[in-house]
Amino acid sequence: MIGRIFKEGLWTNHPIFRQLLGMCPTLAVTTTVLNGISMGLAVIFVLFFSSLVVSLLRKVVPHQVRIAVYTIIIATFVTIVDIFLKANFPQISKALGPYVPLIIVNCIILGRCEAFASKNRLSLALLDALVMGGGFFWGLVTLASVREILGQGTILGYKILPPSFNPLIVMVLPPGAFLVLGTLVAIMNRLERIK
Amino acid sequence: MKELVLIFISTVLINNFVLTYFLGICPFLGVSGRLSSAIGMGFSVIFVMTFASSIAWLIYHLILVKLNLVFLEYIVFILVIASLVQIVEMFVRKYSPSLYQALGIYLPLITTNCAILGCALFMVARNYNFLEAVVYGFSAGLGFTVVLLVMAGIREELNYCEVPKVFRGAPITLITAGLLALCFMGFSGLIRA
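Bear in mind that the values here come from a model prediction, so they are computed numbers and not experimental data.

Novice: Honestly, the interface of chain B and chain A in this entry has me stumped. Any pointers?
Specialist: Many structure descriptions define interface size as the accessible area lost when the parts assemble. Contact residues are listed per partner, giving 35 residues for chain B and 35 residues for chain A. Note on chain B versus chain A: buried area summed over both sides is about 2,900 Å², and carbon and sulfur give 85% of it. At the surface where chain B touches chain A, the tally comes to 0 salt bridges. Contributing elements (two or more residues each) for the side of chain B that touches chain A: helix H2 (25–30), helix H4 (73–95), helix H7 (114–125) and helix H9 (170–185) of chain B. For the side of chain B that touches chain A, the element with the highest residue contribution is H9(B), accounting for 10 residues. The class makeup of the residues in the side of chain B that touches chain A is 28 nonpolar, 5 polar and 2 charged.

Novice: Explain a positive patch on the surface to me, please; I cannot follow it from the model alone.
Specialist: On the surface, Arg190(A), Arg193(A), Lys165(B) and Arg168(B) cluster together to form a positively charged patch. As for its position among the elements, Arg193(A) is in helix H8 (residues 174–194). By relative accessible area, Arg193(A) is classed as partly exposed at 49%.

Novice: It is not clear to me how the packing of helix H3 (residues 35–64) of chain B against H4(B) should be interpreted in this structure. Could you clarify?
Specialist: A pair of packed helices is captured by two measures, namely the crossing angle of their axes and the spacing between those axes. Residues and elements named next belong to chain B. Relative orientation of the contacting elements H3 and H4 amounts to 135°, with a least axis distance of 10 Å. By the angle class used here, H3 and H4 are oblique. Crossing of H3 over H4 shows right-handed handedness. Between H3 and H4, the residues in contact are Phe47, Val48, Phe51, Ala52, Ile55, Ala56, Ile59, Tyr60 and Leu64 and Glu73, Val76, Phe77, Val80, Ile81, Leu84, Val85, Val88 and Val92, respectively.

Each value, and the rule that gives it
Residues numbered from 1 in each chain as written. Chains lettered and ligands numbered in written order. Predicted model: local features only at pLDDT ≥ 70, side-chain atom pairs only at ≥ 80, totals over all residues. Heavy atoms only, no water. Contact = heavy atoms within 4.5 Å. Buried area = accessible area lost by both parts, 1.4 Å probe. Salt bridge = Lys/Arg side-chain N within 4 Å of Asp/Glu carboxyl O. Helix = DSSP H or I, 4+ residues; strand = E, 2+ residues; numbered from the N terminus. Nonpolar A, V, L, I, M, F, W, Y, C, P; charged D, E, K, R; others polar. Patch = residues over 30% accessible without salt bridge, like charges linked within 9 Å, V, L, I, M, F, W, Y side chains within 5 Å. Areas by Shrake-Rupley, 256 points an atom, 1.4 Å probe, with all protein chains shown as cover. Lys, Arg positive; Asp, Glu negative; His and termini not counted. Charge placed at Lys NZ, Arg CZ, Asp CG, Glu CD. Buried < 20%, exposed > 50% of the residue type's maximum accessible area, 1.4 Å probe, protein only. Axes fitted to C-alpha atoms, helices over the stretch in contact; angles between N-to-C directions. Parallel < 35°, antiparallel > 145°, perpendicular 65-115°, else oblique. Left-handed = near helix turned anticlockwise from the far one by under 90°.

Written out as structure tokens, the structure is:
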């Protein structure tokens, strides 16, 4: 069971490349690696604590209103993250902008609460949240690295490509997000077929 | 009046919700496979977005700001949207069964459409007045619908193309969306800041 959680979350059922969930933050904030890391950590935090509460309440919440209950739980933790970022990391909060509150409607979180945390005991639910969050995190960082290297020639702000390299501005603009993600999903499909 | 026209044009074409803010990507990828379902989804979104934007404005300015409860904004907005979708669904079913038939399963799906919440949040962040908020909600929905229809048209043609195996399905759709986003960037010269 534990091995399956790891394999699914990090590879075979990867939230971004396989399930295509949580597209809105994935595409929007991955202009720089720093933004990708911040968003990844924020999602891991919300996913972990929402799974914790949902798993604890799984026998109490009536079936008909469960989605509304989960949404309110998620919205509460997102509000905490938002206030925390505004107070301690105002620059990151500004860079992520409206995409922090939009974590509420990130389908990965609601999806894991509904599909896993509401049906499994606490320890498994927490592990699943961390692994799925980790899968989302490495997806974001990969996408952001490609876009930052090609779009600005830097990674985390450090110059790594020679000055003669002409940055492809389109990579940090919205179309670049779609093009890079499409290519990465195709590469994942290719790797899958080798196995 | 000039501001309203400006909001309309810039929201539909220049700052398109799907192609510049990446809002509503899930339904955009999910229901753009067929033109008929894209039409149903598009009109449901216009409908709900206009209402959601107006009602979120009223609640934010008349209740949350007055009572100093602005920190509850996210929780309140998401509840407003969820209940609004429910009410709209019941209303449409009662008064226009044919429209209900046409919108079908797309109405409940809209609750989880991040474009609706995004619209409410942007509307608050930009300090729009009530009329501007209504126009903003309507044009954001219209922009979503326009892009969804264009995409559905392209994907129906794409069915007849020889796409390399690894690019079939999601990758080619994403790349098509990327090219579409490039085209829409051409509109950015339309309004001089």
